Amino acid sequence: MAVELCLLLLLFCGSTISEVQPIYKPPPGTLDFGFVPAKTYDTGAYHEPGPIGILFKIVHAFLYLVQPNSFPQDLIRKLAQQKFGNTQGDYQKQIDYLVSQYNTTKDKALSDLNNVGPLLGSRVQEQLGKEVRPALDAVLTMAGAIRETKEALENVSVSVEVLQEGTERLHANLTDAKMHLSNTLNDSACSAAQAASTCNIIRNSLNQLNINANFSGLPGVSSQLAKVNDVLKIDLSSLVQKGYAAFNDTPDIVVNQTRNILSDIKNVLESIGSNITTFAKTLPVQKILADLTRYLTQSEAYVQDYFPVVEQYDFYRWLGCLILCCMVVLILVFYYLGLLCGTCGYDKHASPTTRGCISNTGGNFLMAGVGFSFLFSWVLMIVVVLTFVTGGNVEKLVCEPFEDKTLFKVLDTPYLLNQHWKNYLSGILFKNPNIDLTFETVYSDCKENKGIYTSLHLEHLFNINEFLNISMYTEDVALKIEHIQINLSKIILLDEIGKENLLNFSSSGIERINFAAYLTEINKSVTKVDLLSFANDLEARADQLPKGALENALKGHANNIRMIHNQQVVPLEQAMSTLNQSIRLLKRTSSELTVKVKNVISAVNAAQLLINNNASLVIVQETKKYMDTIVGYFEQYIEWVKESIAMEVAACKPIANVIDTAVDIFLCSYITDSVNTFWFGLGGSSIFLIPAIIFAVKLSKYYRRMDTEDVYDDSSVSGTWHFTL
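Below is a short write-up of the structure.

Mapped onto the secondary structure, Asp445 falls in helix 16 (residues 439-447). Given the relative accessible area of 13%, Asp445 is considered buried. Through-space distance from the C-alpha of Asp445 to that of Ser455 is 5.4 Å; in sequence the pair is ten residues apart.

The structure is reproduced here in structure tokens:
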């Protein structure tokens, strides 16, 4: 009985499941062109049965047991051949958006055209600058070398004069110091035994008090200095800066010389925009959408016309299911009342003829349940058979093939739906059945929300690759850009005056200076002996003498020698250091000076020749790069338009939603699953009526009151029973 109750609940749930299940709603779903406006389809293309879904799975498993064979494709094809062989506003917004984004491309191209100086001019300048700038830098370095040479010559001239005068005074002072010291040593005090040896040592060292370097014989550099001063009368650095300024004006020259061509290119861009607008209007998507909308509108009208009838029949279905459930419930009520009364009124000591009223009523309820079971069972069996045949076959022949797309493969069988058409769908849409367009691919593409252009293969009607061929739109732009002619011959890096100035410097004669004579004297010390060491040694020997006038006199001479060193030798050493630095700088500068100047002039001439004659090649190369940049904007826009039309414009998700809603949700989930659950529960209840009948008949015998009792006769033959009713 409990099993029958569970099956009855299953039966009732199956008959009403299509009325209570909620519909699942999915969440609404580089120039930077943004996103194409897309319609959000709030559809219920998904069904979640909830906890009752496990019962559906039980039914599916049962169907597999009673019908394990796969979908009969060949049979369906034969049957079909025998029987059947003889959103526009959103689309317009998307197209308008695609066309409007051309302005993004045009504005970027116009921006680059308006900045042709910084872009094209700077590129040309950068390429030419690889040779021009080093040449000008070399001239500027040479101008600095001229100034350094002048300073060095002036230092040499002054230092030699200082050294010559200083050495003469030093020689005179050292001679006087030596004479006075000699007079002191000739004093009688030096004849004493204690001082004689010391005085002799000092007397023998007097020859060291003399100058060592002789600067009087060094040649002068006045002629070289005069020539360098003549060279510096022309400001070579200023001439170089003029060359830099002229070269840096390259972007302005490019702007001035391309002004007319750029206006022509802007006119071409405007005409391209008009062509793209015209192309957008010729897309056949509008017509396809109109046809689909008409079909959907007709289908919707058909549904609306028959919806009241469907509602009426749905009421009859619900009423019939309720009556069938009431039949089973009625039987169960009699059985449960029989069990309840029989159990409560049963007396095991009472004889069959003396059983109580409650027990007898329980037995009568059980027999009433048996009677109604026989009365209703044939109705239940017929309903079970009919719903099983209907629901089971729909599940096996429609729902399962639809889920694994086998159904679409059957529909895509060549010459199936029309014996003259290989591909039925392309024959309907394009009047060309030879185009490979199948129901399966269209459904899969629409399921992925691709554009209708891709899903329906509209390239057979209108090939956007031909109409959006980038060469169509960029050829005129490229031709205009290729006609750009830029003349940079007015740029003068270094004029003839500057070049002559460099040559005059190379012939100034600094390479004829006798650097060896200067370096020979510079490398000598000012005096033959270090005067400080000599003075210290003289003072130390004076300390060895007895205290007296001789000692004091020698110490006075030592202090005089120190004063000579500080006042005359130190300045001379500083002058020698300055002379040394200047001479060595002049020696470095004069080394191959003529060759260096010629190399600098050659570099300037080569750079000037590049600007005057060979700049056209650089300009052509950089112009092509500039053109590729401009054209690249259009390529990016065209590719974006193609991608948007193929994947986003007029997305066909609603088509897949219509099919999913009609087949998967309405037919399979709401109807078929409900029907299958209904017959499964009703059939189970009917089957369990058989043991319930047997059990009720046998049990009622112990509950019902009998008119007579069963009597056992002892006198009868052994082993036999006599029953008296």
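Turning to helix 8 (residues 222-231), its buried residues are Gln224, Leu225, Val228 and Val231. One face of helix 8 carries all of its buried residues, which in axial projection span an arc of 115°.

On to the pattern of salt bridges. Summed over all chains, the structure comprises 13 salt bridges. In this structure, Glu154 engages Lys150 in a salt bridge whose closest nitrogen and oxygen atoms are separated by 3.9 Å. Placement of both Glu154 and Lys150 in helix 6 (residues 116-185) is noted, with a separation of four residues, approximately one turn of the helix. Asp543 is paired through a salt bridge with Lys555; the nearest N and O atoms lie 2.8 Å apart. Linking Asp543 in the loop between helix 22 (531-542) and helix 23 (549-590) with Lys555 in helix 23, this pair joins segments that are twelve residues apart in sequence. Connected through salt bridges with shared partners, the residues Asp445, Glu448 and Lys450 form a single ionic network.

Another aspect to go through is the state of the cysteines. Taken as a whole and assessed by the stated rule, the structure comprises two disulfides. Residue pairing for Cys399: its cysteine sulfur links by disulfide to Cys668, the two sulfurs lying 2.0 Å apart. In this structure, the disulfide formed by Cys399 and Cys668 twists by about -105° around the S-S bond and is classed as left-handed. Taken together, the positions of Cys399 in helix 13 (residues 357-403) and Cys668 in helix 25 (residues 653-703) put the pair 269 residues apart, joining distant regions of the chain.

With that settled, the discussion passes to helix 20 (residues 496-506). Of the residues making up helix 20, those classed as buried are Gly498, Lys499, Asn501, Leu502, Phe505 and Ser506. Along the axis of helix 20, the buried residues cluster in a sector spanning 155°; they form a single face. In this structure, the buried residues of helix 20 make contact with helix 6, helix 8, helix 9 (236-248), helix 23 and helix 24 (593-647).

The next thing to look at is the environment of Leu98. Looking at the element boundaries, Leu98 is found in helix 4 (residues 88-100). Residue Leu98 is classed as buried on the basis of its relative accessible area, which comes to 4%. A sequence separation of 178 residues divides Leu98 from Ile276, and the C-alpha atoms of the two residues are 9.5 Å apart.

Here the focus is the packing of helix 20 against helix 24. Packing of helix 20 against helix 24 brings their axes to within 9 Å, and their N-to-C directions diverge by 170°. As summarised for this structure, helix 20 and helix 24 are arranged roughly antiparallel, according to the angle between their axes. Taking contact as the criterion, the partners of Lys499, Leu502, Leu503, Phe505 and Ser506 in helix 20 are, on helix 24, Leu593, Thr594, Val597, Val600, Ile601, Val604 and Asn605. When the residues that make up the contact of helix 20 with helix 24 are grouped by side-chain class, the tally is eight nonpolar, three polar and one charged.

What counts, and where the lines are drawn
Residues numbered from 1 in each chain as written. Predicted model: local features only at pLDDT ≥ 70, side-chain atom pairs only at ≥ 80, totals over all residues. Heavy atoms only, no water. Helix = DSSP H or I, 4+ residues; strand = E, 2+ residues; numbered from the N terminus. Buried < 20%, exposed > 50% of the residue type's maximum accessible area, 1.4 Å probe, protein only. Arc of directions from axis to C-beta. Salt bridge = Lys/Arg side-chain N within 4 Å of Asp/Glu carboxyl O. Disulfide = S-S within 2.5 Å. Contact = heavy atoms within 4.5 Å. Axes fitted to C-alpha atoms, helices over the stretch in contact; angles between N-to-C directions. Parallel < 35°, antiparallel > 145°, perpendicular 65-115°, else oblique. Nonpolar A, V, L, I, M, F, W, Y, C, P; charged D, E, K, R; others polar.

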